[in-house]
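Remarks on the overall topology
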Amino acid sequence: LVHVATRASATARPAAAGERPLPRWLGEGYADHVARLEHPLPAPDLAAALLAAARTGRPPAVPADGDFERTGEELQVAYAAAWTLVTTAARHAGTPAVTALHRDLSCAEADGGAPGGPVAARLEGACRRRLGTGFDDLVATWRSEVAAGLVGWGP
């Protein structure tokens, strides 16, 4: 239900043909983060596919929109990566800051969202405004937490 609600509230329009105003990893990861807030399940269990992939020596990648169209383990990795990336942001800046980040990118400027433009530039600006850090720094922190096996992430 959280996924449906977050998609239904989006009013931003693509900046260019074929480009989403909100990266799909942020929409999917945010919905999973919010849905799991009151359900203290062990993070390593929820992100098992991502952690297994990370143990192969490759740093985790931010999922591309098309990664959510895959099947099997690849799809599990995409969702786990999205959730853990959003949760990393929330662990460092707070869930309200992540909610503001999501709103900045999912809402049209007239509805309080960030100004239009290429999604990468909007994402960078919204991360700096809402999380107090650039997107690349957030990704580096996330990769470090995944490499550490999500130690300290609760039960």
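Here is a short report on the structure shown in this document.

Reading the values: the criteria
- Residues numbered from 1 in each chain as written.
- Predicted model: local features only at pLDDT ≥ 70, side-chain atom pairs only at ≥ 80, totals over all residues.
- Heavy atoms only, no water.
- Helix = DSSP H or I, 4+ residues; strand = E, 2+ residues; numbered from the N terminus.
- Buried < 20%, exposed > 50% of the residue type's maximum accessible area, 1.4 Å probe, protein only.
- Contact = heavy atoms within 4.5 Å.
- Areas by Shrake-Rupley, 256 points an atom, 1.4 Å probe, with all protein chains shown as cover.
- Expected span 1.5 Å × (residues − 1).
- 1 Å grid on protein atoms, 1.4 Å probe; cavity = no way out; pocket = protein on both sides within 12 Å on 5 of 7 lines; lining within 4 Å.
- Points joined across faces, edges and corners; volume = space filled by probe spheres on them.

Across its full length, the chain holds eight helices and zero strands. Burial analysis of the chain (155 residues in total) assigns 42% to the buried set. Put simply, 74% of the contacts in the chain that link residues at least 6 apart link residues at least 24 apart. Summed over all atoms, the accessible surface of the chain reaches about 7900 Å², with 56% contributed by carbon and sulfur.

A rise of 1.5 Å per residue sets the reference length of helix α2 (residues 24–36), with its 13 residues, at 18 Å; its end C-alpha atoms lie 18 Å apart and thus fit the reference within 8%. The element α2 is extensively covered by neighbouring structure, given that ten of its 13 residues are classed as buried. Within the span of α2, buried status applies to Arg24, Trp25, Leu26, Gly27, Glu28, Gly29, Tyr30, Ala31, Asp32 and His33.

Let's shift gears to empty space enclosed by the protein. If you walk through the whole model with that rule in mind, you get one cavity of 30 Å³ or more. By volume, the largest cavity amounts to about 30 Å³. Trp25, Leu26, Leu85, Val86, Ala89, Val98, Leu101, Cys127 and Leu138 are the residues that line the largest cavity. Listed by contribution, the elements that provide at least two residues to the lining of the largest cavity are α2, α5 (72–93) and α6 (95–106). The biggest single contributor to the lining of the largest cavity is α5, with three residues.

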